[in-house]
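Summary of structural features
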Amino acid sequence: MVAETATKFQALEQQAQTLMSVFTEAGYEAVAPAVIQPADVFLDVIGESLRARTYLFIDPEGEELCLRPDLTVPTGRLHIARDGEENVCARYCYNGVAFRFQPILSSPSHPIEFRQAGIETFADQAPEQTEADTVATIAKSLAAAGLTDFKLRIGDLGLFSALLEAADMPERWRQRLLRQFWRPEAFRSELKRLSADQPVALKNLPDDLMQALKDANEEEAEQRVSEHLAESGIDVVGVRTSAEIAASLMSMIEDSRSDPLPADTAALIESYVGVTAPARAAGARLRDLTRSSDIDLSKALDVYHQRLDLLHDAGTDVVHAEFSAEFGRSLEYYTGFVFEIFSPALGAKSPIAGGGRYDNLMQAAGAKHAIPAVGGAIHTERLLVAVAAEAS
């Protein structure tokens with residue numbers, strides 16, 4: 001067992017050297033972000049799926065910390081700390097451990113402690129070119145490490161955002177649908193709810209409470225909800241706060257004053273997220289989908305096709321790449337182009353590499369303003385398994 005562990009460690013070290021060599025030759029500066037990170041930054045931006053798998057603890061001074069579940073956020077924080085001019089383009093690469101609880105028993109492809117080797121670019125000035133270069137660099141490093149058979153899957157939250165922006169609906173509905181994008185079942189439920197008449201739940205609530213909330217501000221609404229809960233003998237300990245309940249009720253009241261989302265708009269959105277096709281064909285399918293509606297996605301689709309051309313020019317196989325409209329990866333900080341690379345040996349549920357654009361993350365991590373950013377990371381244990389499977 002000891003010899004097997006030592007052999008695996010040596011293989012990972014050799015693989016890491018190969019990956020980092022490709023990254024540094026491409027112009028990325030090697031950095032080593034801290035393993036222990038402030039928990040609040042991660043918990044605010046990574047999404048509920050990964051949030052539940054993050055290892056948290058409190059230090060002797062009472063600060064909530066975590067073992068980093070990925071290296072993108074720590075690299076972003078490192079950039080903010082070391083570069084006073086946040087808009088200056090910077091490119092970093094790294095190789096280090098990350099930690100995620102595994103709901104199922106840990107396995108070679110899904111260990112609790114694993115390594116990530118990756119690249120991040122901040123304040124890039126040519127978005128589509130940087131995205132293409134990121135994918136090409138990750139793919140080149142995989143090939144250098146010995147992986148020969150792998151496939152690219154892409155998505156585009158920018159296209160989805162453009163679709164919502166062009167659709168006629170209140171801004172709060174757009175934000176709600178965007179938040180649910182990473183949870184397909186919840187997304188479809190929300191879309192159905194917005195297309196329906198006044199929510200049934202609103203009709204079942206006390207009339208006096210609803211009347212009191214109709215023209216209340218946030219502070220007044222919270223106070224009225226607190227009074228109602230107290231009068232009803234309802235204890236909010238362990239559930240949502242009275243402020244959260246009030247905000248939810250106010251949102252429901254506001255929704256009741258709006259016309260339902262038109263059926264044809266809901267159907268178009270539903271059809272959009274259902275598109276899965278070869279990358280080139282997907283663009284044509286999306287143009288056909290919106291052609292008969294009042295929604296114009298031509299500008300966003302032009303960017304999509306430009307990116308495919310740049311990917312091809314950078315040496316990436318886009319002929320066999322697949323586009324999935326509802327693909328957004330499990331991390332909820334992505335804002336645009338996303339990608340994953342997987343091998344037949346492990347399948348699409350265990351991607352070897354992935355990444356994308358996350359233009360809002362840096363501000364959430366402490367930057368003074370939003371900073372364009374894109375990156376990609378390799379799950380090195382999975383890469384080792386896939387290379388071994390190809391060799392056997």
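What counts and how
- Residues numbered from 1 in each chain as written.
- Predicted model: local features only at pLDDT ≥ 70, side-chain atom pairs only at ≥ 80, totals over all residues.
- Heavy atoms only, no water.
- Salt bridge = Lys/Arg side-chain N within 4 Å of Asp/Glu carboxyl O.
- Helix = DSSP H or I, 4+ residues; strand = E, 2+ residues; numbered from the N terminus.
- Buried < 20%, exposed > 50% of the residue type's maximum accessible area, 1.4 Å probe, protein only.
- Pairing = 2+ DSSP bridges.

Quick notes on the pattern of salt bridges
- Under the criterion given, the structure shown has 18 salt bridges.
- Ionic pairing is found between glutamate 190 and arginine 176, a salt bridge with its closest N-O pair at 3.4 Å. Taken together, the residues span a long stretch of sequence, with glutamate 190 in helix 8 (residues 184–195) and arginine 176 in helix 7 (residues 171–180) at a distance of 14 residues.
- Where glutamate 190 meets arginine 193, a salt bridge forms, and the shortest distance between an N and an O atom there is 3.1 Å. Of this pair, glutamate 190 and arginine 193 both sit in helix 8, separated by three residues, roughly a single helical turn.
- Take glutamate 190: its relative accessible area is 11%, and that puts it in the buried class.
- Connected through shared salt-bridge partners, Asp124, Glu131, Asp156, Arg307, Arg357 and Asp359 make up one network.

A closer look at the pairing of strand 4 (residues 64–67)
- As paired strands, strand 2 (residues 36–38) and strand 4 are joined by three bridges and run antiparallel to one another. Directly across from proline 38, in strand 4, lies its bridge partner leucine 65.
- Judged from the three bridges that link them, strand 3 (residues 56–58) and strand 4 form a sheet pairing that is antiparallel. By the bridge assignment for strand 4, phenylalanine 57 is matched with leucine 65.
- Where strand 3 folds back on strand 4, the antiparallel hairpin that results is connected by five residues, among which glycine 62 adopts a positive phi of roughly 90 degrees.

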